[in-house]
Amino acid sequence: MLVGILLTPLSAVLAPGDTVTVLGASGNVGKLVALRLADTFKVRGVVRDAARARAFLGDKVSLYEADLRGDDVTAALAPALEGAQGLIVCTGTTAFPTQAWSPSGREGVSLPVLRALFDAREAGGLGAVVEAAIASLSASGFNTPTVVDEVGNYKILEAWEAA
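We now turn to the structure provided with this report. (Residues numbered from 1 in each chain as written. Predicted model: local features only at pLDDT ≥ 70, side-chain atom pairs only at ≥ 80, totals over all residues. Heavy atoms only, no water.)

### So, the overall build of the protein chain
Okay, step 1: Broken down by element type, the protein chain carries 8 helices and 4 strands.
Okay, step 2: For the protein chain, the α and β elements follow one another from N to C terminus as α-α-β-α-β-α-β-α-β-α-α-α.
Okay, step 3: Based on the C-alpha atoms only, the size of the protein chain along its principal axes is roughly 55 × 40 × 25 Å.
Okay, step 4: Looking at the protein chain as a whole, 32% of its 163 residues are labelled buried. (Helix = DSSP H or I, 4+ residues; strand = E, 2+ residues; numbered from the N terminus. Buried < 20%, exposed > 50% of the residue type's maximum accessible area, 1.4 Å probe, protein only.)

Structure below.
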């Protein structure tokens, strides 16, 4: 059933003027999705920093601030999800360490990644070393796939269900 919904064009599910929430509306993909959808729908963009996102999204997108890494994501997302007819998730991070992994998205991560790999060297084979290093980086607040994709998407589903 869910697959059928995902493969159905938006125009068959939503009507012009319906409200669509875009999570990650300030990211490389999210901002393009939000702006394109704003041509047809009322778009609520969820971002970490509304002031920063306003510069490129303008007034076409209503902005809401929330951080999927926070503790009460359901409460943080509630205003953006309430009454929305659609939800587009454009969150995510790179599969390999880049600046996007830094807690602020601005610092380099090479040294912390190398340190985590070095500290995890006793974990066993290469897979265990990488797994231990990613766990260490996740616990330190880095935007690893575990934090952003796995835990973040679970929080999104909980918030959508509660809305």
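### Some remarks on helix H7 (residues 126-139)
Okay, step 1: Between the first and last C-alpha of H7 there are 20 Å, a value that for 14 residues agrees with the 20 Å anticipated at 1.5 Å per step.
Okay, step 2: Among all positions of H7, only Val 129, Ala 133, Leu 137 and Ser 138 are buried. One side of H7 carries all its buried residues, which in axial view fall inside an arc of 165°. Of the residues in H7, the exposed ones pointing more than 90 degrees away from the buried face are Gly 127, Glu 131 and Ala 139.
Okay, step 3: Packed against the buried residues of H7 are helix H6 (110-119) and helix H8 (145-162).
Okay, step 4: Following H7 by one or two positions, Gly 141 adopts a phi angle in the positive range, close to 95°. (Expected span 1.5 Å × (residues − 1). Arc of directions from axis to C-beta. Contact = heavy atoms within 4.5 Å.)

### Describing the nonpolar core
Okay, step 1: In terms of nonpolar packing, the biggest core is built from 16 residues, with Val 22, Ala 34, Val 43, Leu 57, Val 61 and Leu 63 touching the most fellow members.
Okay, step 2: Those elements giving two or more residues to this core turn out to be strand S1 (19-23), helix H3 (28-37), strand S2 (42-47), helix H4 (50-57) and strand S3 (61-65).
Okay, step 3: With near-sequence residues (within four places) excluded, Val 43 lies in contact with Val 20, Val 22, Ala 34, Leu 37, Ala 38, Val 61 and Ser 62.
Okay, step 4: Leu 23, Ala 66, Leu 68 and Leu 81 belong to the second-largest nonpolar core, a separate cluster that totals 10 residues. (Core = buried A, V, L, I, M, F, W, Y, C linked by side-chain atoms within 4.5 Å.)

### Structural notes on the pattern of salt bridges
Okay, step 1: Scanning all chains against the criterion turns up 4 salt bridges.
Okay, step 2: Of the charged contacts in the structure, one is a salt bridge between Lys 60 and Asp 39, with a shortest N-O distance of 2.8 Å. Of this pair, Lys 60 sits in the loop between H4 and S3 while Asp 39 sits in the loop between H3 and S2, and the two are 21 residues apart along the sequence.
Okay, step 3: Among the residues examined, Lys 60 registers a relative accessible area of 47% and is labelled partly exposed.
Okay, step 4: The partner of Asp 67 in a salt bridge is Arg 48, and the shortest N-O contact between them spans 3.7 Å. (Salt bridge = Lys/Arg side-chain N within 4 Å of Asp/Glu carboxyl O.)

### Looking at the sheet that holds S2
Okay, step 1: Taken in spatial order, the 4 strands of this open sheet run S3-S2-S1-S4, and their pairing is parallel. Of all the strands in the sheet, just S3 and strand S4 (86-89) have a single pairing partner and so form its edges. Strand-to-strand twist across the sheet, computed as the mean angle between neighbouring axes with direction ignored, equals 25°.
Okay, step 2: By the bridge criterion, 4 bridges tie S1 to S4 in an arrangement that is parallel. Pairing of Leu 23 across the sheet is with Val 89, part of S4.
Okay, step 3: Where helix H5 (residues 73-81) meets the sheet, its contacts fall on S1, S2, S3 and S4, and the angle it forms with S2 comes to roughly 160°.
Okay, step 4: In the packing of H8 onto the sheet, contacts are made with S1 and S4, and the angle to S4 comes to roughly 175°. (Pairing = 2+ DSSP bridges. Axes fitted to C-alpha atoms, helices over the stretch in contact; angles between N-to-C directions.)

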